[in-house]
Structures are given as C-alpha cells and as structure tokens.
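The primary structure of each chain is shown beneath.
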Amino acid sequence: MYSPIKGRMVQAAFVDACYGTVFTKEFRTIKLRDKDGKILPFVISDIMGLEDAEAAGARTDDLVLALEGHLKDGYSFNPEGSLQKEDAFYNSCPTLNDKVHCLVSVLPGDKIGVMNGDQVHTVIQKLREIRLKATALKIPQVILMTMVDKACPEVNKDLKMIYRSKKIKEKMLLCENKLGVPMNFIYPVKNYHEEGELSNDVDTLLLYALKNILQFANDHVEYHMDN
Ligand SMILES: Nc1nc2c(ncn2[C@@H]2O[C@H](COP(=O)(O)OP(=O)(O)OP(=O)(O)O)[C@@H](O)[C@H]2O)c(=O)[nH]1
Ligand SMILES: [Mg+2]
C-alpha cells in the first residue's frame, strides 16, 4: 500500500487479496512514522472484521473493551468467547493512551445494498451496538466508505467525480439511514490496491478523512482532560 504520510509504498497492516475469509484476527495497534522516521503522535488500532453472522468475526463485547482501553496489543479475537479480566491481554488500568478517541467504521461501498423493509443485517446490528457504547463514552464516530471505485463506474474512471456521483451519494445515504451516522461524518475513500505509485486524487480523500478523524480524536482527548 502507498502511504501518503511517508510518500512511498509501505506494508503496514497486512492485507489479503483473496476475498471470502477474514484475514486480520488480532488487535493490532499501528504506530506511524513520517518520512524522517519521527513517530507521529497518534496510533491506529486495527481489529478483526465484524462478519455478517452472529457467531463469527470480532465480538461486540471485545470491541467495547477495546473502546475502554482494556484490550492489549496482540490480543487474538475469538468469535466463541470474549476476553476475561484474568487474561494476560486484559489491561486493567487503561490510561488515555490506551483508550479509543475516535471510532472509525470501515464499510465497503460496493457491498452496501438496499435492504428490504425492516431487515437489518447482523453486521449493521453489531455496528449499532458498538456505536451505542461509543456514544455513551462520548467517543466521536465516523464511517470510512471504501471501494468507491467498485461502487461507481464513473468514479472508477475519475476519482474527482466522487462528490458528484449519484451512486456514491445513495450509498452514503444508506449508511446514514442504517447506522445513524450523519452524512457529514461519512468519508468516501479509495484505498491503494493495485497502483504502484502515488495519486493526488487518492491522497486528497484519504488525508481529508484522516485530518478530520484526528481533529475529532483530539477533541475527545481534550474532553477527557477537562472532565
Ligand atoms: N478496488 C479496491 N480495493 C480495495 C479498496 N480497499 C481495499 N481493497 C482491497 O480489498 C482487499 C481487502 O482489504 P483489507 O484491507 O484486507 O480488508 P479487511 O476488511 O481489513 O479484511 P480482513 O482483515 O480480512 O477482515 C485487499 O485486496 C485490498 O487491496 C478500495 O478502496 N478499492
Ligand atoms: Mg484487516
């Protein structure tokens, strides 16, 4: 993957190009460095996907623990049971550094379809549960809508069309309706997946989303310090 922060290709979070199975199984906290090697003052924690089935993917109770800072780096998600207090990966005294300050839900734009009537997918239900807890903790929440190139042929041809595409707007509206996240906190992005070099259009969307996420996270850190 290309890193707009480093200005070159990196392999930060491991990705699997074969679809169908869950690849990320651990709770991984990723530190980023700038092009001079200086560690940036934020981290990104990656989780196992939620999966559209009750007994598969990361458990919502584990993700609530992650929000509160109780999950230690390297914890392996187990769909059959959640982390217990006596486990070595349980952090019993989380500091501000361990807590989550912005919840980013990543949804693939090409898979967000029309659901019949009241039908709610399990994955949406799980996302709602986590959002509810995040709201109680006053943690800001955003949606990163990926795969916009696959969701709209016009956008695939020219990424600059993203905020003009009716298809993309439809998908964003669906996210808003199903999850309750307002449109202005939904960021459509395309990830680097086949490109060998940088693109200003791809970077612009990614960095715009990142800038906003960091500002919201900073607001939440300030909230903690004031209360
Ligand atoms: N075309 C396109 N491909 C993408 C985009 N984002 C990710 N991909 C590809 O989709 C595949 C899955 O991406 P991941 O980042 O591993 O997704 P994930 O949800 O973390 O997957 P797991 O870790 O397996 O749960 C990889 O081959 C990526 O290169 C995008 O915006 N457009
Ligand atoms: Mg992953």
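Below is a summary of the structure that appears in this document. Being a predicted model, the structure only gives us computed values, none of them experimental.

### Description of the overall build of the protein
Logical step 1: On a plain count of helices and strands, the protein comes out with 6 helices and 7 strands.
Logical step 2: Counted from the first residue to the last, the protein has its helices and strands arranged as β-β-β-β-α-β-α-β-α-α-α-β-α.
Logical step 3: Per-residue burial for the protein yields a buried fraction of 37% across its 227 residues.
Logical step 4: As presented, the protein carries roughly 13,700 Å² of accessible surface, and 53% of it is formed by carbon and sulfur atoms.

### Re the sheet that holds strand β7 (residues 186-188)
Logical step 1: One open sheet accounts for 3 strands, arranged β5-β6-β7; its pairing is parallel. Among the strands making up the open sheet, the edge pair consists of β5 (103-108) and β7. Strand-to-strand twist across the sheet, computed as the mean angle between neighbouring axes with direction ignored, equals 25 degrees.
Logical step 2: Helix α5 (residues 166-179) contacts β5, β6 (141-146) and β7 of the sheet and is inclined by roughly 145 degrees relative to β6.
Logical step 3: Contacting β5, β6 and β7, helix α6 (residues 200-226) crosses the sheet at an angle of about 160 degrees to β7.

### Considering unusual backbone geometry
For residues that are not glycine, phi is negative in most cases, and the peptide bond is trans in most cases.
Logical step 1: Of note, the phi angle at K138 is positive, near 60 degrees, even though the residue is not glycine.
Logical step 2: Relative to the elements of secondary structure, K138 occurs in the loop between α2 (122-136) and β6.
Logical step 3: The backbone of M147 shows a phi angle near 60 degrees, a positive value even though the residue is not glycine.
Logical step 4: Note on placement: M147 falls in the loop between β6 and α3 (148-151).

### Let's talk about the environment of L206
Logical step 1: Among the secondary structure elements, L206 is positioned in helix α6.
Logical step 2: L206 gets classed as buried once you look at its relative accessible area, which sits at 19%.
Logical step 3: Distance in space between the C-alpha atoms of L206 and Y187 is 8.5 Å, their sequence separation being 19 residues.

### So, the side chain of H70
Logical step 1: Examined against the element boundaries, H70 turns out to sit in the loop between α1 (60-67) and β5.
Logical step 2: Here the side chain of H70 touches Y90 through a polar contact of 3.4 Å, side chain to side chain.
Logical step 3: Not counting chain neighbours up to four residues away, the residues in contact with H70 comprise L65, L83, F89, Y90, N91, S92 and P94.

Criteria and thresholds
Residues numbered from 1 in each chain as written. Chains lettered and ligands numbered in written order. Predicted model: local features only at pLDDT ≥ 70, side-chain atom pairs only at ≥ 80, totals over all residues. Heavy atoms only, no water. Helix = DSSP H or I, 4+ residues; strand = E, 2+ residues; numbered from the N terminus. Buried < 20%, exposed > 50% of the residue type's maximum accessible area, 1.4 Å probe, protein only. Areas by Shrake-Rupley, 256 points an atom, 1.4 Å probe, with all protein chains shown as cover. Pairing = 2+ DSSP bridges. Axes fitted to C-alpha atoms, helices over the stretch in contact; angles between N-to-C directions. Contact = heavy atoms within 4.5 Å. Polar contact = N/O pair within 3.5 Å; in protein donor to acceptor, adjacent residues only side chain to side chain.

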